[in-house]
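Commentary on secondary and tertiary structure
Chain by chain, the residues run as shown.
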Amino acid sequence: MALPRFQYHEPTSLAEACQMLRALGKEAALLAGGTDLLVKMKNRELLPKSVVSLMEIDEMRQFNFSGKGKSIGACCTVSQIAESAQIRTTFPALASAAGHLGSPAVRNLGTIGGNAVTASPAADLPPALIAYGAKARLKREGQERVLPLEQLFRGPGATNIGVDEILVDFQLEQPPEGSVAEYFKLGHRRALQCSIINGACFLALNHRSGVIEAARVVLGAVAPTVVRAVSTERILTGERPSSKLFLEAGKAAARECTPIDDLRGSADYRRDMIQVLTTRTLQNAVEKSRNHFARV
Amino acid sequence: MKKTIHLSINRSAYTVDVEPHWTLLDLLRDELGLPGTKRGCDKGDCGTCTVLVDGKPVNACLYLAVRANRKKILTVEGLETGEGLHPLQKSFLKNGAVQCGFCTPGMLMTSVSLLEKNPDPTEEEVRSAISGNLCRCTGYQHIVEAVMSVKEKK
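Computed from a prediction, not measured in an experiment: that's the story for all the values here. Going along each chain's sequence as written, the residues are numbered from 1 onward. Following the order in which they are written, the chains are lettered starting with A and the ligands numbered starting with 1. Restriction of local features to residues with pLDDT of at least 70 applies here, the model being predicted, together with a cutoff of 80 or more for giving and counting side-chain atom pairs; totals for whole chains, interfaces and linings are based on all residues. Only heavy atoms go into the side-chain values, all of them from the structure, while hydrogens and water stay out.

**Looking at the pairing of strand S5 (residues 69–73) of chain A**
All names here are of chain A. Relative accessibility under 20% of the residue-type maximum defines a buried residue, over 50% an exposed one, and the middle range a partly exposed one, all with a 1.4 Å probe and only protein chains included. Only DSSP runs of H or I with at least four residues qualify as helices, and only runs of E with at least two residues qualify as strands; both kinds are numbered from the N terminus onward. The buried fraction of S5 is high, at four of five residues. Here, any two strands with at least 2 DSSP bridges between them count as paired. The pairing of strand S4 (residues 63–64) with S5 spans two bridges and is antiparallel. Pairing of Asn-64 across the sheet is with Ser-71, part of S5. In sequence, S4 turns back onto S5 through a hairpin of four residues. Pairing analysis gives five bridges linking S5 to strand S10 (residues 166–173), with the strands arranged antiparallel.

Below, the structure written as C-alpha cells:
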C-alpha cells in the first residue's frame, strides 16, 4: 500500500531537529528506522503532515563507551547493537535481545530508540535496557531531562515524551564486577515474532560472599507496559543464589504480572511461563557468572 | 515537493527526483522499471522486497527513497553479470529452490549478503539469515540446500 503524502524534513543536528519540532508541534512525526512508523502510515493509523527524519543526525547514531558512563544513541540500528563487540562484552543481554528482534533486514533498519518509543509492552530491547538500569535522555529546545527508562512508558503505545521532545540516547553505567544479566523471549517462531512473553534479569553478586547485592527483574508482554517485578527483586536481594530461591522468585514474578488473553497466548499460559522462564533465566545467569569467576 | 537524489543501482549511477512518500520499492518498481524486487506484504513482514543498501539487506518497502541518496543499491537484476547468472542463482535452479518464485529475489539478496559476510556458514546460520524471508510454497529445505551447495563450491 502506498504511503500517504507528507512534508519531509531532514535535520542534520539535534539543535535543528528540536527547533523544527517546536515549530511543527503535533503535526510532525519523528522518523528513525521506519519499521513501525511507516507501517502505521501505510495502515492510515497515523497521518502526519510532516515527517522529521533523525537519521542524518550523526550524534544520534553513535555509542559513547569511553568513560564509566556509557551512552547509546537512539538512532543506532538494532543490528549495530547486536553486532557491536563493545555491547556484546559490556551489555551482553542487550546484544542478545537485539539479536532476537524481527528479522535480519528489519534489524538493519529498526533503531533502539524506535523500539522504545513505540512503547509496545512486548518490545525486545526495553527489558534488557531496564535490567541494566538504563536512563533515557530527552531533549527539547533549550531543555533536557533524564529519567529511568521504565518511567518513559504509560501504556500500550503511550509514553511520557512531550510532543516537542526527542529521545536522544540511553545512558548506562558499566555493570559492576561480578554482575550478570540474561534476556529471555518466548515466541511461536524464532524470527518476525512478537513475544508471547519476554523479560530480562540482572543480578549483582558480591564476589566474596556470593550474596545478591542488587537484582532487577523486568517482564514484558504481561502488563500494559514493560514492568519491573519489584517484589521479586526484593525476594532476591540479600540472599544467596539457590534453586529454592529462584523457584520462589519465579512464583513471585508470576504473581506480580497482569497478563491478558490474546491471540498469542492466554493469561494463564503467560503467567505459568513467566514463572518457568524467570526461574530458568536466574539460574542461567548465575551459572554464567560462576563460569566467569572460575576462569578469572 | 520532489527531492533530487544521486545513487548507484546495480553498479550504474542514477540521478532521480523522488517524492518524499515514495519507498525505495516504489522507486525501483514503478519509476525505474526494475520489477525484479517484489512487493509482497509491503509492511516488512515477508522479506520478498529485500535489496542490499551498501551491502546490507533491508526491506525496500520500509525504506524511504529519499534515504537512498548517495547509497549503493543492489537488486536481483544486478546479480547477473556478463558471465551469466550469479553462482547462487544457478544453484537455486539446480537445487529446485524456485517453486512459484515470488520469494526468490528476496531469498537471493539475503543469501548473497550472508555469503559475502560469512563465506562458510553453518546450516543453522543459513536458516537464521533467511528467517525474515517467507516462502509460502514452504520450499525452505531446497533453498537452504542451494545456499549450502554454493558455499561448498567456494
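That shown, we press on.
**Brief notes about the domain arrangement of chain B**
Residues and elements named next belong to chain B. As far as domains go, chain B holds domain 1 (3–78) and domain 2 (87–153). For domain 1 and domain 2, the distance between their C-alpha centroids amounts to 21 Å. Two parts placed together each lose some accessible area under a 1.4 Å probe, and adding up what both lose gives the buried area. For the pair domain 1 and domain 2, the summed buried area comes to about 1000 Å², and 67% of that belongs to carbon and sulfur atoms. Taken as a group, Thr-48, Thr-50 and Val-76 account for 39% of the area that domain 1 buries against domain 2, more than any other trio of residues on that side. What counts as a salt bridge is simple: a side-chain nitrogen of Lys or Arg found within 4 Å of a carboxyl oxygen of Asp or Glu. Remark: the boundary between domain 1 and domain 2 carries zero salt bridges. We call two N or O atoms a polar contact when they sit within 3.5 Å, provided that within protein one can donate a hydrogen and the other can accept it, with sequence-adjacent residues counted only if both atoms are side-chain atoms. At the boundary of domain 1 with domain 2, the tally comes to three residue pairs in polar contact (both at pLDDT 80 or more). An automatic or database domain assignment provides the domain bounds reported here.

**Some words on the interface of chain A and chain B**
The contact criterion used is simple: two residues touch if any of their non-hydrogen atoms lie within 4.5 Å. Taken together, the contact pairs 29 residues of chain A with 27 residues of chain B. Approximately 2400 Å² of surface area, both sides summed, lies buried where chain A meets chain B, with 56% of it carried by carbon and sulfur atoms. The largest contributions to the chain A side of the interface with chain B come from Tyr-8, Lys-42 and Leu-109 of chain A, which together make up 20% of the buried area. Glu-19 of chain B serves as the salt-bridge partner of Arg-5 of chain A, at 3.6 Å between the closest nitrogen and oxygen. At the surface where chain A touches chain B, the tally comes to six residue pairs in polar contact (both at pLDDT 80 or more). Among the elements that make up the side of chain A that touches chain B, the one with the highest residue count is helix H6 (residues 104–109) of chain A (five residues). Across the side of chain A that touches chain B, the residue classes break down as 16 nonpolar, six polar and seven charged. In this classification, the charged set is Asp, Glu, Lys and Arg, the nonpolar set is Ala, Val, Leu, Ile, Met, Phe, Trp, Tyr, Cys and Pro, and all remaining amino acids, among them Gly, are polar.

**Considering the sheet that holds strand S3 (residues 50–53) of chain B**
Residue and element names in this part refer to chain B. Spatially, the five strands line up as an open sheet ordered S2-S1-S5-S3-S4, and their pairing is mixed. Each end of this open sheet is capped by a strand with a single partner; those strands are strand S2 (12–18) and strand S4 (56–59). Neighbouring strand axes in the sheet, compared pairwise and without regard to direction, differ in orientation by 40° on average. Bridging between strand S1 (residues 3–9) and S2 involves seven bridges; their strand directions are antiparallel. Bridging from a neighbouring strand, Thr-4 pairs with Asp-17 of S2. Interaxial angle, 0 to 180 degrees, is taken between N-to-C directions of lines fitted to C-alpha atoms, where a helix line uses only the stretch in contact. Each of S1, S2, S3 and strand S5 (72–74) touches helix H1 (residues 24–31); the most contacted strand, S3, lies at about 105° to it. In this fold helix H3 (residues 104–117) packs onto S3, S4 and S5, with an angle of close to 35° to the strand it touches most, S3.

**A short note on the confidence of the model for chain B**
The quantity known as pLDDT measures the predictor's confidence residue by residue, on a range of 0 to 100. On average, residues of chain B carry a pLDDT of 96, and 98% of them reach 70 or more. Reported confidences for the modelled complex are a pTM of 0.94 and an ipTM of 0.95.

**A few points about the side chain of Thr-232 of chain A**
Residues and elements named next belong to chain A. Among the secondary structure elements, Thr-232 is positioned in helix H9 (residues 230–236). At 2.6 Å, the side chain of Thr-232 forms a polar contact with the side chain of Glu-256. If near-sequence neighbours (up to four positions away) are discounted, Thr-232 is found in contact with Val-217, Ala-249, Ala-252, Ala-253 and Glu-256.

**Examining empty space enclosed by the protein**
In this analysis the probe radius is 1.4 Å and the grid spacing 1 Å, with only protein atoms considered; a cavity is a set of points the probe fits into but cannot get out of, a pocket is an open set with protein on both sides within 12 Å along at least five of seven lines, and lining residues have an atom within 4 Å of a point. Grid points are joined across faces, edges and corners, and a volume is the space filled by probe spheres set on the points. Taken as a whole and assessed by the stated rule, the structure comprises one cavity of 30 Å³ or more. Empty space within the largest cavity amounts to approximately 50 Å³. As for the largest cavity, its lining consists of Ser-103, Pro-104 and Ala-105 of chain A together with Gly-47, Thr-50, Pro-57, Asn-59, Thr-110, Ala-129, Gly-132 and Asn-133 of chain B. Among the elements of the structure, H6 of chain A together with S4 of chain B are those that each provide at least two residues to the lining of the largest cavity. In terms of domain composition, the lining of the largest cavity takes at least three residues from each of domain 1 (3–78) and domain 2 (87–153) of chain B.

**Section: H3 of chain B**
Residue and element names in this part refer to chain B. Expected helix span is given by 1.5 Å per residue-to-residue step, counting one fewer step than there are residues. If you check H3, its first and last C-alpha atoms are 20 Å apart, about what 14 residues at 1.5 Å a residue would give, namely 20 Å. Where burial is concerned, most of H3 is hidden: 12 out of the 14 residues are buried. Among the residues making up H3, those that are buried are Thr-104, Pro-105, Gly-106, Met-107, Leu-108, Met-109, Thr-110, Ser-111, Val-112, Ser-113, Leu-114 and Leu-115.

**Quick look at the sheet that holds strand S2 (residues 28–31) of chain A**
Residue and element names in this part refer to chain A. If you trace the three strands from one edge of the open sheet to the other, you get S1-S3-S2, paired in parallel fashion. Each having just a single partner strand, strand S1 (7–9) and S2 make up the two edges of the open sheet. Across the sheet, the mean angle from the axis of one strand to that of its neighbour is 25°, orientation sign disregarded. Sheet analysis places S2 next to strand S3 (residues 50–53), joined by four bridges and oriented parallel. Within the sheet, the bridge partner assigned to Ala-29 lies in S3 and is Val-51.

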